[in-house]
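Architecture and fold: a report
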Amino acid sequence: MRKRDHNVFTNAASLLVCGLLAGVVVAAAAFPAVAMSGLAAKAGAETFGALPKELTVARAPQISYLLASDGKTPLATMYDENRRDVKLADIAPVMQKAIIAAEDHDFYKHNGVDLNGIARAFVNNQSGTNSQQGASTLTMQYVRLAIAYSATHPADVVAATEDTSARKLREMRFALQMDKEYSKDEILERYLNIASFGNGAYGIYAASQVYFGKPPSKLKLEEAAMLAGMVKAPTTNDPTTRSGRPLALDRRNYVIDNMVKTGAINQQEADTAKAAPMVVKDKRTPNGCVSTNQKNWGFFCDYFYRWWMRQETFGSTTYDRERRLKSGGYTITTTLDVQAQNGADDAVRKSLGVNSKAARMVAVVEPGTGRVRALSVNRNFKIDDPKKPQNSYSSDPKKAKKKIRGNYPNTVNPLLTGGQGITGYQAGSTFKIFTLVAALEKGIPLSYTINSPDQFRSNYIIQPGPAACTGTNLYCPRNASKSMAGVHNMWSGFGRSVNTFFVSLEQQVGAENVIKAAQKLGITFRDAGDARRATKEGGANQWGAFTLGVSQTTPLELANAYATLAADGKYCEPIPVQEIKGPDGDKLDIAKPKCEQRVSTEVARAAVDAARCPVGDRSSTSKCAGGTARNVHDIVNAPVAGKSGTTDGDKTSALVAMTKQYAVAGIMADPDWPQTNQKMGHDETPKGINPAVYNTLKAAMVGKERINFTPPGNKIINGDQRSIPNVKCESVETARSRLKGASFEVVVSDTKVASDCAPNSVAGTSPSGRTIKGGVVTIEVSSGGGTPTAGPDASTPPTSGRPGRPRG
């Protein structure tokens, strides 16, 4: 703030004269009969002297800009008033001269209040003519606007703009004070940044963009004159309307003539400018998430908006937070990765348009930071016009009967992130990862084997029905294919998505511990029924089907859960911002990732090692045997991990695929009707969820380094190894007893093998030598009469048969 030199006597005289003249001028307007009396002058002087001297100026509302992660690509703008403050040096000199010519010829001569102007206004207003003069200087006009923007109550706003003597006196008092504290250039800059120019444009930056599509530094003479002529009556002199255009042209030419009078330009320049056609663009600045730079980016923008509205940093109420966003003048660099987002947009819409009942939803999260890189769904982020609706009636027959419209093709509901009644979707066997993590945390290694029959009779108690064993209340899940039955370790069980392996494993570690593992990785249970079931009181320890993905989640939650494992167990809160700068360039700390170690590094690496199997990848330590989405690795052409999932009746389908840089989760479902009769596919059709996921990841990885996942250590792979007793040629019962006594799970093979041992005795075991404590040891029964034939090694599970798709 620069103080200007003022003659003390001049300032004192100005205060006195202003007080006297203000009383007379105001009295003349209200009570002509007493205007010339000493009473009016005395009242004016006394009132003027009693006014406050300091003007508290709040920053006028500023537009906030959202940018993509590159810090350059525009994403969206949000504002209550389209305004962006600029320095006077960034405003064309011709614009500065034009506003002075239009509003205050003597701006650089007076002390904030034009005494000659007040006198002229008094004489004019006493003459009885129809036109009234107010004698407001640019400084007084700025004071009026500043008071209105600083008001904290609606009544104060009215008081700042009403035509009363009190308002005029206050403006004069503050104008004189401002003129003492600020330079003329500072006052001019403030005025040009606060003035309204119509069509939602506040301040010279917005005005030059709206009407001419250029920054104010590039304005030409005729353009500057038109804008200067608008501030007096922006609505009346609107050049974009039929009635306002001729008035705007007259005002423009009036300002140009005045610029000649003030010496700003010569007559030749004026004639040239007046002869120029008045061309305006009338391009209002887009506002909000329904008007993003790219039409498919609205769902990401909306996620950002909902995130902002939850942050107490920006205010104690949602109203305060929204005002900060739309008036704070922030420059917000979001986490949106243009390459990943465009890839996702193309992938979710390929072969499946916005009019499909099935929503193909994809979320992309960066492991190690939680930064949300893309959100996309085959829908338009748009409010459906109730007068001319495009949306079809809901796919839910009950809602359709009531003529309730669905969420396609237009919606602003947070389909990918949850909230506003969206609780999520079943993600099927992708949830088996949580059982795997819980088991690893309990010390059960990857090589641990379980005999997994086609149907498993569990100890979980459920209501009698199709999921229960016949005639019981015990949960008895089946595999998706009979070929899955057999002995499996974690690699093969996860790779082929063997339901009976995982329900058995869940039973060993405790369903409640599997639920806790899911919560540690970010699953929140938005659905009230799921949330209740996940508690001790709700019977978490009996939720046997949890491992098969029967609870609801969102693509964003699922992507972030897997991203936590890709980041060696470091959980990061999903976040849509990388950097937030205030209008003065100061950075806010709230954009920093919020991370903590939720799972040990070794457990996370082991889980990822198993998760490479379903998507056709493997490490130097993994022992994969089949996969449900084996083509992902070759398509992405990078080290990958992930899992597919399907629910009963194919009502939803899901796939997660991730590298070290990106975790992509996709869910395909009908948001309007969870019990849909439409089958959601995987890779058997171009309309399934798999192409949307792996093509998104492929696009995101273009030009990125191929980073391998770190394999786990030997201990978590092999666990506590124990010697297997030599039971060759013993009776089956004796061998079974000895093996159980050595803490192994015993399975007797149905197929006999040639052996030099007696028929029906033990030909050998698989594996032989050593295996993990508690692991499965298969007794091979001798058929006699021959050389022993090596049986299958339980450490390398069977791969025969086409892998079936998992059912959750």
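Note that the structure is a prediction, hence the values are computed from the model and not measured. (Residues numbered from 1 in each chain as written. Predicted model: local features only at pLDDT ≥ 70, side-chain atom pairs only at ≥ 80, totals over all residues. Heavy atoms only, no water.)

**Here's the deal with the overall build of the protein**
The number of helices and strands found in the protein is 27 helices and 22 strands. Looking at the protein as a whole, 55% of its 808 residues are labelled buried. Of the contacts formed within the protein by residues at least 6 apart in sequence, a portion of 71% connects residues at least 24 apart. Split by element, the accessible area of the protein, about 34300 Å² in all, is 50% carbon and sulfur. (Helix = DSSP H or I, 4+ residues; strand = E, 2+ residues; numbered from the N terminus. Buried < 20%, exposed > 50% of the residue type's maximum accessible area, 1.4 Å probe, protein only. Contact = heavy atoms within 4.5 Å. Areas by Shrake-Rupley, 256 points an atom, 1.4 Å probe, with all protein chains shown as cover.)

**Observations regarding the packing of aromatic side chains**
When we look at a pair of aromatic rings, we describe it by the centre distance and by the angle of the planes. By the definition in use, this model includes 14 aromatic pairs. When the ring of Trp308 is compared with that of Phe314, the centres are 3.6 Å apart and the planes differ by 5°; the resulting orientation is stacked. Summarising the burial analysis for this pair, Trp308 and Phe314 share the class buried. Pairing Phe431 with Phe434 gives two aromatic rings, centres 5.0 Å apart and planes at 80°, and the pair type is edge-to-face. Given a relative accessible area of 0%, Phe431 falls into the buried group. Each residue in the set Phe304, Trp307, Trp308, Phe314 and Tyr330 is aromatic and connected to the rest through ring pairs, giving one cluster. The side chain of Lys184 reaches across the aromatic face of Phe107, ending 4.7 Å from its centre. Seen from the ring of Tyr319, Arg323 lies directly overhead, with NZ or CZ sitting 4.9 Å from the centre. (Phe/Tyr/Trp six-rings, centres within 6.5 Å; stacked < 30°, edge-to-face > 60°. Lys NZ or Arg CZ within 6 Å of the ring centre and 35° of its normal.)

**What to know about the packing of helix H3 (residues 93-103) against helix H10 (residues 221-230)**
For the pair H3 and H10, the least separation of the axes is 8 Å and the interaxial angle reads 40°. One finds that H3 runs oblique with respect to H10. Taken as a pair, H3 and H10 cross one another with a handedness that is right-handed. Residue-level contacts link Val94, Met95, Ala98, Ile99, Ala102 and Glu103 of H3 to Leu221, Ala224, Ala225, Leu227 and Ala228 of H10. (Axes fitted to C-alpha atoms, helices over the stretch in contact; angles between N-to-C directions. Parallel < 35°, antiparallel > 145°, perpendicular 65-115°, else oblique. Left-handed = near helix turned anticlockwise from the far one by under 90°.)

**Some details on the sheet that holds strand E13 (residues 577-581)**
Read across the open sheet, the four strands follow the order E2-E1-E3-E13; overall the sheet is mixed. The outermost strands of the open sheet, each flanked by one partner alone, are strand E2 (74-78) and E13. Mean inter-strand twist for the sheet, computed between neighbouring axes without regard to direction, equals 15°. (Pairing = 2+ DSSP bridges.)

**What to know about unusual backbone geometry**
A cis geometry characterises the amide bond from Tyr408 onward to Pro409, with omega recorded as 5°. Within the fold, Pro409 resides in the loop between helix H16 (397-401) and strand E7 (410-411). Residue Ser766 is joined to Pro767 through a cis peptide bond whose omega torsion reads -5°. For Pro767, the location among the structural elements is in the loop between strand E20 (762-766) and strand E21 (770-772). Positive phi, close to 60°, is recorded for Lys403, a residue that is not glycine. Considering the arrangement of structural elements, one finds Lys403 in the loop between H16 and E7. The backbone of Cys729 sits at a positive phi, close to 70°, despite the residue not being glycine.

**Observations concerning helix H17 (residues 432-441)**
Burial runs high along H17: nine of the ten residues are buried. Residues Lys432, Ile433, Phe434, Thr435, Leu436, Val437, Ala438, Ala439 and Leu440 constitute the buried set of H17. Of the residues one or two after H17, Gly443 is the one with positive phi, at around 95°.

**Points about the pattern of salt bridges**
Across all of its chains, the model carries 29 salt bridges by this definition. Close ionic contact of Asp454 with Arg478 constitutes a salt bridge, the shortest N to O distance being 3.0 Å. Here Asp454, found in the loop between strand E9 (450-452) and strand E10 (486-488), pairs with Arg478, found in the loop between E9 and E10; they are 24 residues apart in sequence, far enough to count as distant. For Asp454, a relative accessible area of 17% translates into the label buried. Given the relative accessible area of 46%, Arg478 is considered partly exposed. Note that Glu733 and Arg736 form a salt bridge whose closest N and O atoms lie 3.6 Å from each other. Of the two residues, Glu733 and Arg736 are both situated in helix H27 (residues 732-741); the distance of three residues between them amounts to about one turn of the helix. Relative accessible area serves as the criterion here: at 53%, Glu733 is assigned to the exposed category. Among the charged side chains, a network of salt bridges with common partners joins Asp80, Glu322, Arg323 and Lys326. (Salt bridge = Lys/Arg side-chain N within 4 Å of Asp/Glu carboxyl O.)

**Considerations on the packing of H17 against helix H19 (residues 499-509)**
One can describe the packing of H17 onto H19 by two numbers: an axis separation of 9 Å at closest approach and a directional angle of 40°. Considering the angle they form, H17 stands oblique to H19. As for how H17 packs across H19, the hand of that crossing is left-handed. Residues Lys432, Thr435, Leu436, Ala438 and Ala439 of H17 form the contact with H19, whose own contacting residues are Asn499, Phe502, Leu505, Glu506 and Val509. Here the residues of the contact of H17 with H19 are counted per class, giving six nonpolar, two polar and two charged. (Nonpolar A, V, L, I, M, F, W, Y, C, P; charged D, E, K, R; others polar.)

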